Amino acid sequence: AQSVTQLDSHVSVSEGTPVLLRCNYSSSYSPSLFWYVQHPNKGLQLLLKYTSAATLVKGINGFEAEFKKSETSFHLTKPSAHMSDAAEYFCVVTPGESSGAGSYQLTFGKGTKLSVIP
Amino acid sequence: DTGVSQNPRHKITKRGQNVTFRCDPISEHNRLYWYRQTLGQGPEFLTYFQNEAQLEKSRLLSDRFSAERPKGSFSTLEIQRTEQGDSAMYLCASSLQLSPLHFGNGTRLTVT
């Protein structure tokens, strides 16, 4: 079984200030974790992924996330918000390919809407 | 790489009618997924194909829903006897083994 909790449904930051979007996960297997971003009326775009290599993962557009097994967290950060970052962000967990889970379901959190104030 | 393509983008139908959506994955991708997203929620898994074989189905996929992927290329998702609760965004994604999913822009279904 697996689940994802995104701790904030809405985060608002000023342009140029840091972004922190929080995610906690639960998984019976060694998980793979992802962050996806969804702009209005668009599909989901992969920001970054963790698949049991380095615990600090760098993604596109200056985002990064740190896998902390002891805290079962995978928070998304960016040093300086840009207006174009305003979107909805989803934290996603799946059993790792080598986990033997036999399932490739992605489980999504409910999403965090990021607003960027000029 | 032209991305994952979904058609139609929008579908409005009356309750009780049947609808069919199409997904064209990235050409070399062997895995294809269907997800459903309702307002204010994250996408929920519906079903998954590896090549032409349907390997997983969610309990969300009632007997009114059927998905196919003939020849392991494009896929169709059919909903029979639509209900208002079926109104949602239906997302298709594809991937190669061991790679993340690439999503299409979705088909928004409205059942009146």
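In the block above lies the structure referred to throughout.
In this text, all values refer to a predicted model and were calculated from it rather than measured experimentally.

With respect to the sheet that holds strand β1 (residues 5-7) of chain B
Within a beta sheet, neighbouring strands are joined by backbone hydrogen bonds and run either parallel or antiparallel to one another.
All names here are of chain B.
Phase 1 of the analysis: The strand order β1-β3-β8-β7 describes an open sheet built from 4 strands, whose pairing is antiparallel. In the strand order of this sheet, the two ends are held by β1 and β7 (65-68), each with one partner. Strand-to-strand twist in this sheet, taken as the mean axis angle between neighbours without regard to direction, amounts to 15°.
Phase 2 of the analysis: With 5 bridges connecting them, strand β3 (residues 19-24) and strand β8 (residues 75-79) associate as antiparallel partners. Bridge pairing in β8 places F21 opposite L77.

Looking at the state of the cysteines
Phase 1 of the analysis: One pass over the full model with this rule turns up 2 disulfides over all chains.
Phase 2 of the analysis: One disulfide bridge connects C23 of chain A with C91 of chain A, the sulfur atoms lying 2.0 Å from each other. Every disulfide takes its handedness from the sign of the S-S torsion; for C23 of chain A and C91 of chain A that torsion is -65°, giving left-handed. Taken as a pair, C23 of chain A in strand β4 (residues 23-27) and C91 of chain A in strand β10 (residues 87-95) lie far apart in primary sequence, 68 residues in all. Just as C23 of chain A is buried, C91 of chain A falls in that class too.
Phase 3 of the analysis: Between the sulfur of C23 of chain B and that of C92 of chain B lies a disulfide, 1.9 Å long from S to S. For the disulfide bridge between C23 of chain B and C92 of chain B, the dihedral angle about the S-S bond is near -70°, and by the sign convention the bridge is left-handed. Of this pair, C23 of chain B sits in strand β3 while C92 of chain B sits in strand β9 (residues 88-95); the two residues are 69 residues apart in sequence, bridging distant segments of the chain.

Some points on the environment of S84 of chain A
Residue and element names in this part refer to chain A.
Phase 1 of the analysis: For S84, the location among the structural elements is in the loop between β9 (73-78) and β10.
Phase 2 of the analysis: Residues S84 and G111, 27 residues apart in the sequence, show an inter-C-alpha distance of 17 Å.
Phase 3 of the analysis: In terms of polar contacts, S84 uses its side chain to reach the side chain of H82, at 2.9 Å.

A word on the nonpolar core
Phase 1 of the analysis: In terms of nonpolar packing, the biggest core is built from 26 residues, with W35, L48, F74, L76 and Y89 of chain A touching the most fellow members.
Phase 2 of the analysis: Among the elements that take part in this core, β10 of chain A stands out by supplying 4 residues, more than any other.
Phase 3 of the analysis: Of all hydrophobic cores here, the second largest spans 19 residues; its members include V4, I26, A88 and L109 of chain B.

Regarding the pairing of strand β6 (residues 53-57) of chain B
Residues and elements named next belong to chain B.
Phase 1 of the analysis: Here strand β5 (residues 44-50) runs beside β6; their pairing, made up of 4 bridges, is antiparallel. The residue bridging Q50 from the neighbouring strand is A53, located in β6.
Phase 2 of the analysis: Between β5 and the antiparallel strand that follows it, β6, lie 2 residues; N51 among them carries a positive phi value of about 55°.

Here is what the cut-offs are and how they apply
- Residues numbered from 1 in each chain as written.
- Chains lettered and ligands numbered in written order.
- Predicted model: local features only at pLDDT ≥ 70, side-chain atom pairs only at ≥ 80, totals over all residues.
- Heavy atoms only, no water.
- Pairing = 2+ DSSP bridges.
- Helix = DSSP H or I, 4+ residues; strand = E, 2+ residues; numbered from the N terminus.
- Axes fitted to C-alpha atoms, helices over the stretch in contact; angles between N-to-C directions.
- Disulfide = S-S within 2.5 Å.
- Buried < 20%, exposed > 50% of the residue type's maximum accessible area, 1.4 Å probe, protein only.
- Polar contact = N/O pair within 3.5 Å; in protein donor to acceptor, adjacent residues only side chain to side chain.
- Core = buried A, V, L, I, M, F, W, Y, C linked by side-chain atoms within 4.5 Å.

No statement about biological role is implied by the geometric values presented.
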